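# Structural overview
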Amino acid sequence: MRLYEHEGKVFFGKHKIPVSQGKVVTTADDAAKAASEIGFPVVIKAQILTGGRGKAGGVKIAKNEAEVKSLAAQILALTIKGYPVQKLLIEPALEIEKEIYLGVTIDRANYKLVLIGCAEGGVEIEETAKNAPGKIVKMPFEIDEPIYSYHGIEMAKRLGLSGNDLKEVAPIAVRLFNLFKKLDAKVVEINPLVRTKDGKWLAADARIALDDDALFRHPEVAEMGISVRHEEGELTAREKTAREWGIPYVDLDGDIGMFPGGAGFGILGNDFIHYYGGKPANFMDSGGGPSPERIAKMLVLLDENPNVKVIFGARFGGISRCDDFAKGVVQFLREHGLSKPMVVRMTGNKWEEGVKIFGQAKSESPDLFKKIEFHGIETPIEDISQRAVALAKMAS
Ligand code: GDP
Ligand code: MN
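How each quantity is defined
- Residues numbered from 1 in each chain as written.
- Chains lettered and ligands numbered in written order.
- Predicted model: local features only at pLDDT ≥ 70, side-chain atom pairs only at ≥ 80, totals over all residues.
- Heavy atoms only, no water.
- Helix = DSSP H or I, 4+ residues; strand = E, 2+ residues; numbered from the N terminus.
- Areas by Shrake-Rupley, 256 points an atom, 1.4 Å probe, with all protein chains shown as cover.
- Lys, Arg positive; Asp, Glu negative; His and termini not counted.
- Charge placed at Lys NZ, Arg CZ, Asp CG, Glu CD.
- Pairing = 2+ DSSP bridges.
- Axes fitted to C-alpha atoms, helices over the stretch in contact; angles between N-to-C directions.
- Contact = heavy atoms within 4.5 Å.
- Salt bridge = Lys/Arg side-chain N within 4 Å of Asp/Glu carboxyl O.

### Some details on the overall build of the protein chain
- Scanning the protein chain for helices and strands turns up 13 helices and 18 strands.
- When the accessible surface of the protein chain is summed, it comes to about 18800 Å², and 53% of that surface belongs to carbon and sulfur atoms.
- Here the protein chain contributes 53 positively and 55 negatively charged side chains, and the mean placements of these two sets differ by 2 Å.

This is the structure we're talking about:
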């Protein structure tokens, strides 16, 4: 779960990583009010769950009230990387002399934590890592290894800092590392950590990503009013609906609606679709022995998704029986109707009953079934996957 910059800065402040005192607002008028309380010039910063705001016009400096109003309105009208800007952080503008990068994350390949620094901050670290990996300083730590002052000093030195710069930055690196561990974070990052004209260092930006599975150890997060979010940002409208209906569901960026027979097949099905050159529009889990009502709702999510060109389903009847599956599909067809082609394979527990239910419904109202291709055990799952990919290509 990612935190907004202003939330991250609260944690920074609590852990003695210097930050500016800012105010969060949602309208241009409130931005102006906040700015006059803070004092000009101010920096206006879009609060969204992704970086690259600077480049996208989401960070602007305003020198007076009229400027704040018009710039705040401009930024509030932006959508950056798919995130509509709904909140702004207003802070005193910094006179920046130098920008560096500091971050802590997990090196999964080596089972270590890693403190990362770069003498060039304010630019995307991923770009630097690709184009000039030599500029990045990495200090690995064992999971349970404490960090000491001398580690911070080593990092600061390797970033070319000396004198007062070294004295200020070294403890910030140590505190950032300890904050990472304290929060059970996945990433904590200051990009940029800046030196202002008066020689002070402070975090101009804050990026924190927490591990959702460790949230139960951090009641302070909920107490701050921070609620669980989609890994990539806020939940989409469809993900919210799915959550209300109790269906584990994630939107992806493809066009094949995945109607799985369980999480295991959901994962395998996504792999198959990719393998045959298609792209899933979602990941979904039916949640163990779903009722016909739930099956019908799962289909509603897919059929109403404008990105979905074809629905791809498979039911391996086990605890989730084929007859319940068939009842759910029929209920969906009768109540909602299918607007897209659908390829379905059904095998396993109560398969014969499932086939009977489909046969009966089809003889009563054949029109409802026009867009569906049914398969049983005789068609390998690979063939169904390829068929779904082909149908999606035909539709685009
Ligand atoms: P990001 O682009 O989403 O990472 O947003 P940042 O908060 O890192 O801001 C982007 C850039 O804006 C920084 O690298 C700085 O160069 C600049 N910036 C941010 N705050 C200030 C400020 O108070 N004064 C000045 N002059 N520049 C700022
Ligand atoms: Mn930044």
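Back to the write-up after that little detour.
### Details of the environment of Leu252
- Along the polypeptide, Leu252 turns up in the loop between strand E13 (249–251) and strand E14 (256–259).
- Distance from Leu252 to Asn307, taken between C-alpha atoms, is 9.7 Å for residues 55 residues apart in sequence.

### Things to note about the sheet that holds strand E18 (residues 372–375)
- The sheet built from four strands is open, its strands ordered E14-E16-E17-E18 with parallel pairing. Only two strands of the sheet have a single partner each, and these edge strands are E14 and E18. Put simply, the sheet's adjacent strands are angled 15° from each other on average, direction ignored.
- As paired elements, strand E16 (residues 310–317) and strand E17 (residues 342–348) share seven bridges and run parallel to each other. Bridge assignment links Gly313 to a residue of E17, and that residue is Val344.
- Sheet strands touched by helix H9 (residues 263–275): E14 and E16. Its angle to E16, the strand with the most contacts, is close to 135°.
- Packed onto the sheet, helix H10 (residues 292–303) meets E14, E16 and E17 and runs at close to 170° relative to E14.

### Quick word on the pattern of salt bridges
- For the structure shown, the criterion picks out 24 salt bridges.
- As a salt-bridge pair, Arg53 and Glu5 come within 2.7 Å of each other at their nearest N and O atoms. Taken as a pair, Arg53 in the loop between strand E2 (42–46) and strand E3 (59–62) and Glu5 in helix H1 (residues 5–14) lie far apart in primary sequence, 48 residues in all.
- Here Glu364 and Arg334 are joined by a salt bridge, their closest N and O atoms 3.0 Å apart.

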